[in-house]
Amino acid sequence: MIDDAFEIPEHALVARPRRLRSHPALRRMVRETTLTRNDLVLPLFAVPGGGVRKEVSSMPGVFQESIEKIAESAREAQDLGIPAVILFGIPSEKDAEGSPSWATNGIVQRALEAVSKAAPELLRIVDLCFCEYTDHGHCGVLTAEGDVDNDPTLVNLARQAVSLAGAGAQVIAPSGMMDGMVAAIRDGLDEHDHEGLPILSYAAKYASSFYGPFRDAADSTPAFGDRRTYQQDPSNAEEALREVRMDIEQGADMVMVKPAMPCLDIVQRVWSMVDVPLGAYQVSGEYAMLKAASARGWLDEERVMEESLVAIKRAGADFILTYYAREMARRLR
Ligand code: PBG
């Protein structure tokens, strides 16, 4: 009960924002952010073998799939109206350099061919990195001290990019946070007549513990140490803006911020700074949190899925890489 002595100040009720929330149709009319299927990119994980479709234990609804299953998933994504997939590969053999990543018959190279046949309208993005391909699990070749050696890694990144371009990749997305990676890849592509192929740089990528479940999915946990000498310190924001500017100067056609929900401030700041398309990656840990809490009945999954994706878009992302792409696309149909 309001105390008799309490008086509502006159100015408090001059504006009544609730008027615009009073009717569902009016809410629809004044809605500022709309998620569509065009905003979604589905990650897929290719493994060797036949007939494999193995669920990742920490990521319910996400599978490691052999080539023909990848093709089926791609077809399903296309039928759902999802515009693009991003492919990751888990090779049968790994080495110190990650050379299986540029093999002509490499796992992603073969997946690309299968996807292009099964789902010709789907855009084929490839993640360009070495952590899935090196026996030590780091994102490049190592120095004697065990840190990733930047410049020799650039040479290999260009090799991997050219190989994947030759196999039918339509967007190259380097995720290793090496200095100069966009320039090196652009150079390599141009020299091999792929000047028309766009680069989507994981420009601001943090050393985030939210990638935990992905490393089960991609079998890419570092054998020792962590990624803090190449991925960014989550305490820094200005540094992210510098990284983004540098990547655009080097020729990035699109940039990405990763992870998404812990970095919505970065998404917003990058959006206001640049005029190239901006993506954000709702990473494995973000997905796993929502899945786990929903499985216990603590959250309403459909709603938190949609709210989390709308929030990322509202912050400024033009598109979102998300393990929820299929479920969200179904909901939006
Ligand atoms: C590197 C790569 C990673 C992710 C995408 N590309 C892992 C890492 O940097 O350790 C993480 C994606 C996710 O967590 O969903 N190849």
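Heads up: these notes are all about the structure in this document. Remember, it's a predicted structure, so these values are computed and weren't measured experimentally.

This part covers the site of the ligand. For the ligand, the set of nearby residues contains 17 residues, the closest of which are Lys205, Arg215, Lys258, Ser284 and Tyr323. Within the contact set of the ligand, an oxygen atom lies 2.7 Å away from a side-chain nitrogen or oxygen of Lys205. One of the side-chain nitrogen or oxygen atoms of Lys258 is found 3.3 Å away from a nitrogen atom of the ligand. Within the complex, the protein chains bury 100% of what would otherwise be the 400 Å² of accessible surface of the ligand. Taken together, the residues of the shell around the ligand sort by class into 8 nonpolar, 3 polar and 6 charged.

Here the focus is unusual backbone geometry. A cis geometry characterises the amide bond from Lys258 onward to Pro259, with omega recorded as -5 degrees. In this fold, Pro259 is placed in the loop between strand S8 (254-258) and helix H8 (264-273). The phi torsion at Met177 lies on the positive side, around 55 degrees, for a residue other than glycine. Take Met177: it is sitting in the loop between strand S6 (171-174) and helix H5 (181-191). Accessibility expressed as a relative area gives 4% for Met177, which makes it buried. Here the phi dihedral of Asp193 falls at roughly 65 degrees; this positive angle occurs in a residue that is not glycine. By the secondary structure assignment, Asp193 is in the loop between H5 and strand S7 (200-205).

So, on to the packing of helix H2 (residues 67-79) against helix H3 (residues 107-118). Helix-helix packing is described using two parameters, namely the angle between the two axes and the distance between the axes. Remark: H2 packs on H3, axes separated minimally by 8 Å, with the N-to-C direction vectors making an angle of 40 degrees. Classified by the angle their axes make, H2 and H3 are oblique. Viewed along their axes, H2 and H3 form a crossing whose handedness is right-handed. In this structure, H2 uses Ile67, Ile70, Ala71, Ala74 and Arg75 to contact H3, whose residues at the interface are Ile107, Arg110, Ala111, Ala114, Val115 and Ala118. When grouped by side-chain class, the residues that make up the contact of H2 with H3 number 9 nonpolar, no polar and 2 charged.

This paragraph deals with the pattern of salt bridges. Enumeration over the complete set of coordinates arrives at 16 salt bridges. Notably, a salt bridge pairs Arg186 with Asp190, separated by 3.0 Å at the nearest N-O pair. With Arg186 and Asp190 both in helix H5 and 4 residues apart, this pair spans about one turn of that helix. For Arg186, a relative accessible area of 13% gives the class buried. Notably, a salt bridge pairs Asp253 with Arg186, separated by 3.9 Å at the nearest N-O pair. Separated by 67 residues along the polypeptide, Asp253 in the loop between helix H7 (238-249) and S8 and Arg186 in helix H5 bring together distant segments of the chain. Its relative accessible area of 34% is what places Asp253 among the partly exposed residues.

So, on to the packing of aromatic side chains. In this structure the tally under the stated criterion is 9 aromatic pairs. Between Tyr202 and Tyr281, the ring centres sit 6.2 Å apart and the planes meet at 40 degrees, which makes this aromatic pair tilted. Taken as a pair, Tyr202 in strand S7 and Tyr281 in strand S9 (residues 278-282) lie far apart in primary sequence, 79 residues in all. Among the aromatic residues, those joined into a ring-pair cluster are Phe45, Phe88, Tyr202, Phe214, Tyr281, Tyr287, Tyr323 and Tyr324. Over the ring of Trp102 we find Arg159; its NZ or CZ atom is 5.2 Å from the centre of that ring. Taking the ring centre of Tyr211 as reference, the NZ or CZ of Lys258 above it sits at 4.3 Å.

Looking now at a nonpolar patch on the surface. Side chains of Phe6, Ile8 and Leu13 sit close together on the surface and give an oily, nonpolar patch of about 300 Å² of accessible area. Position of Ile8 among the secondary structure elements: in the segment before helix H1 (24-30).

Inspection of the secondary structure puts Ser308 in helix H10 (residues 301-315). Within the local environment of Ser308, its side chain forms a polar contact with the side chain of Gln282, the two groups lying 3.0 Å apart. In contact with Ser308, not counting residues within four places along its chain, are Met261, Gln282 and Leu290.

Quick look at the packing of H8 against H10 now. Following both chains from N to C, one finds H8 and H10 inclined at 35 degrees, their axes separated by 8 Å at the closest point. The segment H8 lies against H10, with Leu264, Val267, Gln268 and Trp271 engaging Ala311, Ile312 and Ala315. When grouped by side-chain class, the residues that make up the contact of H8 with H10 number 6 nonpolar, 1 polar and no charged.

Another aspect to go through is the pairing of strand S4 (residues 84-89). With respect to burial, S4 is a largely interior element, 6 of its 6 residues being buried. Residues of S4 alternate between two faces, with Ala84, Ile86 and Phe88 on one and Val85, Leu87 and Gly89 on the opposite face, all of them buried. With 6 bridges joining them, strand S1 (residues 40-46) and S4 adopt parallel strand pairing. When the sheet's bridge partners are listed, Leu44 is paired in S4 with Leu87. In terms of strand pairing, S4 meets strand S5 (residues 123-128) through 4 bridges, oriented parallel. Counted as the bridge partner of Leu87 is Val126 from S5.

Conventions we followed
- Residues numbered from 1 in each chain as written.
- Predicted model: local features only at pLDDT ≥ 70, side-chain atom pairs only at ≥ 80, totals over all residues.
- Heavy atoms only, no water.
- Near = heavy atom within 4 Å.
- Polar contact = N/O pair within 3.5 Å; in protein donor to acceptor, adjacent residues only side chain to side chain.
- Areas by Shrake-Rupley, 256 points an atom, 1.4 Å probe, with all protein chains shown as cover.
- Nonpolar A, V, L, I, M, F, W, Y, C, P; charged D, E, K, R; others polar.
- Helix = DSSP H or I, 4+ residues; strand = E, 2+ residues; numbered from the N terminus.
- Buried < 20%, exposed > 50% of the residue type's maximum accessible area, 1.4 Å probe, protein only.
- Axes fitted to C-alpha atoms, helices over the stretch in contact; angles between N-to-C directions.
- Parallel < 35°, antiparallel > 145°, perpendicular 65-115°, else oblique.
- Left-handed = near helix turned anticlockwise from the far one by under 90°.
- Contact = heavy atoms within 4.5 Å.
- Salt bridge = Lys/Arg side-chain N within 4 Å of Asp/Glu carboxyl O.
- Phe/Tyr/Trp six-rings, centres within 6.5 Å; stacked < 30°, edge-to-face > 60°.
- Lys NZ or Arg CZ within 6 Å of the ring centre and 35° of its normal.
- Patch = residues over 30% accessible without salt bridge, like charges linked within 9 Å, V, L, I, M, F, W, Y side chains within 5 Å.
- Pairing = 2+ DSSP bridges.

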